[in-house]
Amino acid sequence: MKKTLVAIAALAATGAFAQSSVAITGVFDAGYQAISHTDATKKWSGINHNGTNTSRLDFQGTEDLGGGLKASFWGELDIVPTRSTTTNQSATSTANAFTGTPFTGQQFVAIAGGFGDLKIGQPNSPALDIGGGVMQPFGTALGSGYSGTWGRLGTEAVSGVNSYVGGSTGRIIRHEKTAVYTTPVFNGLKAQVEFSAKNGNSTTNSNGGAGAATSNDTGYQSLSATYNNGPLNVAALTATAKSGANAAVGIAGSASTAGTVGLAANKDVKWNMLGANYTMGAVTGYVGFTTTKSTNPQVTAGTAAEDSKSSNVGVKYVMGNIDLLANVTTRTSNVADVAGYTFNGTTPKSTNTALGANYNLSKTTFVYYRYENIKNAATATGSAGSATALAQDQTTNAIGLVVKF
């Protein structure tokens with residue numbers, strides 16, 4: 001027995017046996033929010049979540065295969081720490097409608113080695129790292145211009161595609177059925193290629209009738225490059241989403257109904273992103289630019305195809321345990337957030353101004369304050385061309401606590 005144990009130990013020391021590990025990490029973010037709005041009926045205050053971070057549990061595993069190869073998996077379970085329910089927010093009388101996996105964030109299997117890294121599944125897009133970090137200091141929550149409140153990459157009816165790519169206010173987070181390849185880092189420079197195949201063959205839905213079928217997919221490809229060298233970080237991305245001859249299916253609106261994604265049949269949308277930040281002592285400056293251009297007309301009450309731009313400047317100042325943040329993002333577009341409407345025939349222009357402060361209690365826990373003001377956002381319904389009905393302003397103040405582990 002003793003000889004056997006010695007032999008096993010010797011084999012392990014030479015790497016003949018793979019080494020593996022599993023970890024559970026996550027973020028919890030909750031606090032108080034107060035929202036005021038031009039339309040008084042939209043005013044709200046109370047306990048809410050995700051003022052700075054997406055609350056989630058991350059299940060991660062890594063196995064050392066030897067020879068410089070490692071295999072891994074990731075499953076992100078996005079959670080809502082301020083309420084517990086199994087009902088889809090979009091479900092009506094059907095209630096308890098559930099589709100897909102409970103792992104609503106990124107999920108993938110991966111293999112890495114001297115060749116780089118390949119993730120397969122639904123990994124985060126390189127566009128998330130650029131828009132949610134390189135360009136500005138607020139992550140993807142309040143004040144970022146990359147949040148679910150106000151997005152800088154266009155409108156849903158124009159650029160929406162499967163699974164978080166072009167959400168209700170336009171942003172790229174991740175795309176289902178995707179592979180992302182990352183090259184090794186050469187002198188601070190790395191490149192990434194992202195691919196999801198297009199399928200538009202089916203002409204019937206799951207009930208046999210006309211309409212988008214669950215087998216149809218919107219294709220998506222992106223190419224990006226990132227340069228990290230000391231205080232300087234620069235990143236650029238170009239991406240295209242393209243639909244097939246038959247439109248793809250979007251998220252479920254109820255237990256028996258699946259809505260189509262924003263792209264109609266044989267349409268495309270293209271994004272370009274460029275961002276940078278530079279740190280000098282306690283100060284980090286940020287800048288970012290994006291363009292969104294589509295051949296897809298507005299689905300509702302209009303024919304304009306998206307042609308929008310955004311730019312931002314931001315700053316972060318570290319003072320002991322306190323981080324002070326500021327960011328201003330401006331977006332111009334030929335279409336308004338409400339599909340088919342423009343501001344009396346002029347190009348809509350909207351701004352997102354944000355201020356924030358973090359008081360770091362430890363390396364993983366902090367108290368935060370966020371102020372976000374959105375001007376001239378088309379967030380209310382009204383008659384076509386009605387600037388009064390559409391040009392809405394919204395201000396959010398939030399105080400909360402973030403615990404990471």
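## Points about the overall build of the chain
Secondary structure assignment for the chain yields four helices and 19 strands. Per-residue burial for the chain yields a buried fraction of 40% across its 405 residues. Here the contacts in the chain between residues at least 6 apart in sequence split such that 59% fall between residues at least 24 apart. When the accessible surface of the chain is split by element, carbon and sulfur atoms take 59% of a total near 19300 Å².

## Observations concerning the pattern of salt bridges
Evaluation of the coordinates by the stated rule reveals five salt bridges. One salt bridge in this structure joins R174 and E76, with 3.9 Å as the shortest N-O distance. Residue R174 is located in the loop between helix 3 (156-159) and strand 7 (178-182), and its partner E76 is located in strand 4 (residues 69-78); the two are separated by 98 residues in the primary sequence. Of the residues examined, R174 reaches a relative accessible area of 6% and is grouped as buried. We classify E76 as buried; its relative accessible area is 5%. D117 serves as the salt-bridge partner of K119, at 2.8 Å between the closest nitrogen and oxygen.

## Topic: the packing of aromatic side chains
Per the stated rule, a full pass over the model turns up four aromatic pairs. Directly above the ring of F108 sits K119, whose terminal nitrogen or CZ lies 5.6 Å from the centroid.

## A closer look at unusual backbone geometry
In the Ramachandran plot, N187 falls in the positive-phi region, its phi being about 50° despite a non-glycine side chain. Residue position: N187 is located in the loop between strand 7 and strand 8 (189-196). The phi dihedral of N266 falls on the positive side, at around 55°, and the residue is not glycine. Topologically, N266 is positioned in the loop between strand 12 (258-260) and strand 13 (268-280).

## A word on the environment of T38
As for its placement among the helices and strands, T38 is situated in the loop between strand 1 (19-37) and strand 2 (44-49). Residues T38 and N376, spaced 338 residues apart in sequence, show a C-alpha to C-alpha distance of 10.0 Å.

## Some remarks on a nonpolar patch on the surface
Taken together, the side chains of I24, F28, Y359, L361, V367, Y369, I399, L401, V403 and F405 make up a nonpolar region of the molecular surface, amounting to roughly 880 Å² of accessible area. Listing elements by their share of the nonpolar patch, those giving two or more residues are strand 1, strand 18 (365-378) and strand 19 (391-404). The element that contributes the greatest number of residues to the nonpolar patch is strand 19, accounting for three residues. Take Y369: it is sitting in strand 18. A relative accessible area of 33% means that Y369 is categorised as partly exposed.

## Here's the deal with the confidence of the model for the chain
With 73% of its residues at a pLDDT of at least 70, the chain reaches an overall mean of 80. Confidence, read as mean pLDDT per element, is least for helix 4 (residues 387-390) in the chain (43) and greatest for strand 5 (residues 107-113) (97). A low-confidence stretch, residues 1-17 (pLDDT under 50), is modelled with five contacts involving residues beyond four sequence positions or located in other chains. Low pLDDT, under 50, characterises residues 251-259; the predicted model gives this stretch 18 contacts beyond four residues in sequence or across chains.

## Quick notes on helix 2 (residues 126-134)
Along helix 2, seven of the nine residues are buried, which leaves the element largely enclosed by surrounding structure. Taking the backbone nitrogen of A127 as reference, a side-chain oxygen 3.1 Å away marks S125 as the first, capping residue of helix 2.

## Some thoughts on the nonpolar core
One recurring pattern in soluble globular proteins is that nonpolar side chains are buried together. Y146, I172, W271 and M273 are the most contacted members of the largest nonpolar core, which totals 18 residues. If you look at the next biggest cluster of nonpolar residues, it comprises six residues, including V27, L142, F366 and Y368.

## Topic: the pairing of strand 10 (residues 232-242)
For strand 9 (residues 219-229) and strand 10, the ladder comprises 11 bridges, and the chain directions are antiparallel. Bridging from a neighbouring strand, N229 pairs with L232 of strand 10. The hairpin turn running from strand 9 into strand 10, its antiparallel successor, is two residues long, and G230 in that turn takes a positive phi close to 65°. For strand 10 and strand 13, the ladder comprises 11 bridges, and the chain directions are antiparallel. Counted as the bridge partner of L232 is Y278 from strand 13.

The rules we used
Residues numbered from 1 in each chain as written. Predicted model: local features only at pLDDT ≥ 70, side-chain atom pairs only at ≥ 80, totals over all residues. Heavy atoms only, no water. Helix = DSSP H or I, 4+ residues; strand = E, 2+ residues; numbered from the N terminus. Buried < 20%, exposed > 50% of the residue type's maximum accessible area, 1.4 Å probe, protein only. Contact = heavy atoms within 4.5 Å. Areas by Shrake-Rupley, 256 points an atom, 1.4 Å probe, with all protein chains shown as cover. Salt bridge = Lys/Arg side-chain N within 4 Å of Asp/Glu carboxyl O. Phe/Tyr/Trp six-rings, centres within 6.5 Å; stacked < 30°, edge-to-face > 60°. Lys NZ or Arg CZ within 6 Å of the ring centre and 35° of its normal. Patch = residues over 30% accessible without salt bridge, like charges linked within 9 Å, V, L, I, M, F, W, Y side chains within 5 Å. pLDDT = per-residue confidence, 0-100. Polar contact = N/O pair within 3.5 Å; in protein donor to acceptor, adjacent residues only side chain to side chain. Core = buried A, V, L, I, M, F, W, Y, C linked by side-chain atoms within 4.5 Å. Pairing = 2+ DSSP bridges.

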